[in-house]
Amino acid sequence: MPSATSLDVTAIRKDFPILAQQVHGEPLIYLDNAATSQKPKCVIEALTRFYQMDNANIHRGVHQLSERSTQSYEAARGKVQRFLNAANSREIIFVRGATEGINLVAQTYGRTHVSAGDEIVISAMEHHSNIVPWQMLCEEKGAVLRVIPINDRGELEFDQFEKLLNHRTRLVAVSHVSNALGTINPVREIVNTAHSWNVPVLIDGAQAVPHMKVDVRNLDCDFYVFSSHKVFGPTGIGVLYGREQLLEDMPPYQGGGDMISSVTFEKTTYNDLPYKFEAGTPNIAGVIGLGAAIDYLDQIGMDAVAAHEHDLLEYGTRALESISGLRLIGTAREKAGVLSFVIDGVHPHDAGTILDREGVAVRAGHHCAQPVMDRFGVSATTRASLAFYNTREDIDALVAGIQKVKEVFTV
Ligand code: PLP
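What you see is a predicted model, and the numbers here were worked out from it, not measured in a lab. (Residues numbered from 1 in each chain as written. Predicted model: local features only at pLDDT ≥ 70, side-chain atom pairs only at ≥ 80, totals over all residues. Heavy atoms only, no water.)

Asks: In this structure, what is going on with the pattern of salt bridges? I would like to understand it.
Replies: Oppositely charged side chains can form a pair if their charged atoms are brought close together. Per the stated rule, a full pass over the model turns up 20 salt bridges. Across the pair Glu119 and Arg146 runs a salt bridge whose closest N-O atoms are separated by 3.2 Å. Here Glu119, found in strand β5 (residues 119–123), pairs with Arg146, found in strand β6 (residues 144–148); they are 27 residues apart in sequence, far enough to count as distant. It is possible to trace a salt-bridge network through shared partners that takes in Asp32, Arg363 and Arg383. (Salt bridge = Lys/Arg side-chain N within 4 Å of Asp/Glu carboxyl O. Helix = DSSP H or I, 4+ residues; strand = E, 2+ residues; numbered from the N terminus.)

Asks: What is the right way to look at the domain arrangement of the protein in this model?
Replies: Interface size is often expressed as the accessible area that is lost when the parts come together. In terms of domain boundaries, the protein breaks down into domain 1 (9–37 + 301–408) and domain 2 (44–299). Taking only C-alpha atoms, the centre of domain 1 and the centre of domain 2 are 28 Å apart. Opposite the 40 residues of domain 1 that make contact, domain 2 presents 36 residues. Here domain 1 and domain 2 share an interface that buries about 3,000 Å² over both sides, 54% of which is from carbon and sulfur atoms. A salt bridge links Arg333 to Glu155, with the shortest nitrogen-to-oxygen separation between them at 2.6 Å. In this assembly, domain 1 and domain 2 are joined by 26 residue pairs in polar contact (both at pLDDT 80 or more). Of the residues in the side of domain 1 that touches domain 2, the class split is 22 nonpolar, 10 polar and 8 charged. (Domains from an automatic or database assignment. Contact = heavy atoms within 4.5 Å. Buried area = accessible area lost by both parts, 1.4 Å probe. Polar contact = N/O pair within 3.5 Å; in protein donor to acceptor, adjacent residues only side chain to side chain. Nonpolar A, V, L, I, M, F, W, Y, C, P; charged D, E, K, R; others polar.)

Asks: I keep staring at the nonpolar core and nothing clicks. Help me out?
Replies: With 79 residues, the main nonpolar core has Leu84, Val172, Tyr224 and Phe388 as its most contacted residues. Ranked by the residues each element gives to this core, the list is headed by helix α10 (residues 284–300), at 11 residues. Mapping this core onto the domain boundaries places at least three of its residues in each of domain 1 (9–37 + 301–408) and domain 2 (44–299). Residues in contact with Leu84, not counting those within four places in the same chain, are Ile92, Val214, Asp215, Val216, Arg217, Phe226, Val239 and Tyr241. Counting residues in each nonpolar core, the second largest holds 28 residues, with Leu104, Ala106, Leu171 and Leu273 among its members. (Core = buried A, V, L, I, M, F, W, Y, C linked by side-chain atoms within 4.5 Å. Buried < 20%, exposed > 50% of the residue type's maximum accessible area, 1.4 Å probe, protein only.)

Asks: Quick question: what am I supposed to make of the sheet that holds strand β17 (residues 381–385) here?
Replies: Sheets are built from strands paired through backbone hydrogen bonds, the pairs being either parallel or antiparallel. The 4 strands are arranged β13-β14-β17-β16 in an open sheet whose pairing can be described as antiparallel. The open sheet has two free edges, formed respectively by β13 (326–328) and β16 (363–365), since each of these has just one partner strand. Each strand of the sheet is rotated relative to its neighbour by a mean of 30°, with strand direction disregarded. As paired strands, β13 and strand β14 (residues 338–343) are joined by 3 bridges and run antiparallel to one another. Bridge pairing links Leu328 to Phe341 in β14. With respect to the sheet, helix α11 (residues 302–321) is in contact with β13 and β14, its orientation differing from that of β14 by roughly 10°. Seen against the sheet, helix α14 (residues 392–408) touches β13, β14 and β17 and runs at an angle of roughly 10° to β14. (Pairing = 2+ DSSP bridges. Axes fitted to C-alpha atoms, helices over the stretch in contact; angles between N-to-C directions.)

Asks: Would you mind showing me how to read the site of the ligand here?
Replies: Taken together, the neighbourhood of the ligand is formed by Gly97, Ala98, Thr99, His127, Ser129, Asn179, Asp204, Ala206, Gln207, Ser227, His229 and Lys230. The side chain of Ser227 places a nitrogen or oxygen atom 2.7 Å from an oxygen atom of the ligand. Here an oxygen atom of the ligand sits 2.7 Å away from a polar atom, N or O, in the side chain of Lys230. For the ligand, whose accessible area on its own is 390 Å², the fraction buried by protein is 85%. Split into classes, the residues belonging to the shell around the ligand amount to 2 nonpolar, 8 polar and 2 charged. (Near = heavy atom within 4 Å. Areas by Shrake-Rupley, 256 points an atom, 1.4 Å probe, with all protein chains shown as cover.)

Spelled out as C-alpha cells, the structure:
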C-alpha cells in the first residue's frame, strides 16, 4: 500500500543509486539509516566535482583553485547556519562528527567550568558518545555524573530531571532523539528548566537532524551536534553549533594551523571564531558534500520528510505489534525513525543475519547504548531505522523477513 503522504518517493529513490541493487539475489531494503544513511547523486557529484575541478587547500592560497575551494567551504558553513537557523556562521564549527563535537565541548567548556564535586546531567538513553566524554571529564575533575531515568516506554522522567538540577550542576547533555529507542525528547522544556538554574544544555542531534526541522534558536540550546553521514552527507564530517558568547569564552580544542592569528615561541594568539576550533587542514570535500546534502534536503523539505516518516513509523509499529512473540523496545508517545525489537527465543544477531539473506539490512546489537539495553533487560535488539526514501513496501519486506526468522526458529 502506498504511503498516505505526499512525498514522491519513487522519484526520490532514483536519486540514490545504491538503493537500486540486489543483495543475496533480493532487492536491497535498506533499514539501517540510524547507523548511516545513503547519499544522493548530488552529494556524490559534489565530491567528484571538488576533486576533479577545485581541489586545493583553503584559507591560505592566493590562487584560483584555493579561492574556489575556500569559497565552497565557507558557503557550506552558511548553508549549515541557515539549516539550523543559527544566528551567525561563526557559531558553526566543523568537526569529524557528533562524537568529536561532544568531546570538544567536554574538553574545552567542560574542563574550564567543571571542578571537584560539580555535577553533569545526562539521560539513561544516551549513545556512548554522550556518556563517555562526560565520564572522562568527571574522572579527571572529581565531578559526578547524574543520570535522568527513563520509564518503560523509553521516555525521560521529567520530574526526576527537575529533581536532579541543583547549584552544583554545570551542564546538561541529552539526545534530541534516541538512536536505540527512537524517543523524541522534550528538549525545549529541558533547556527552559536547565536555564532556570543558569545551566547550559548540549543537545546530541545525531538522530534528530535527519528526521525533522531543527531550529537552535527556537530550542534556545547552548550547544547542538550532529554528523553529516547520518544526514545523507559524507562520513568524517559533522557540526558543532555553539552559542557565540560561550564559544568566545572557551579555550581552543586542538592547536595547529588555521586556529592561530600569530605564533611566536613566547606566545600564540588564537584566531577568531569559528577558526579557533578548526585546527589543521579540515575535511574540505566532506564539508562541501554536507552542503550539497543540505541543499537536497532543503529542496525536499524537512516537514515533508517528517510527515512521510511518521506515516511509515505508524505503519511499521502497527505491523510489528501484530507479530506474536515480538516485543518492541521503545514505545514513546513522541518517536522518530526507529523500530527496535526482540523476538522470543531468537538472538537479535541471528534475526539480523536471516533478514540480510532476505535483502533486508537492519542492525543488531546494543547500538552503542548499553545502559538502554540494561534498562530493558536485554543484551541487544534488532533495529530497523527509517529514512525518507523508505516505503511501506520496505516495512512489508521487513515483516515478511521476520516471519522467515520465526519459521527458522519455529517460534
Ligand atoms: N549520538 C547518537 C544519538 C548517535 O546515534 C550516534 C551514532 O550512532 C552518535 C551520537 C555518534 O555519531 P558519530 O559516530 O557519527 O560521531
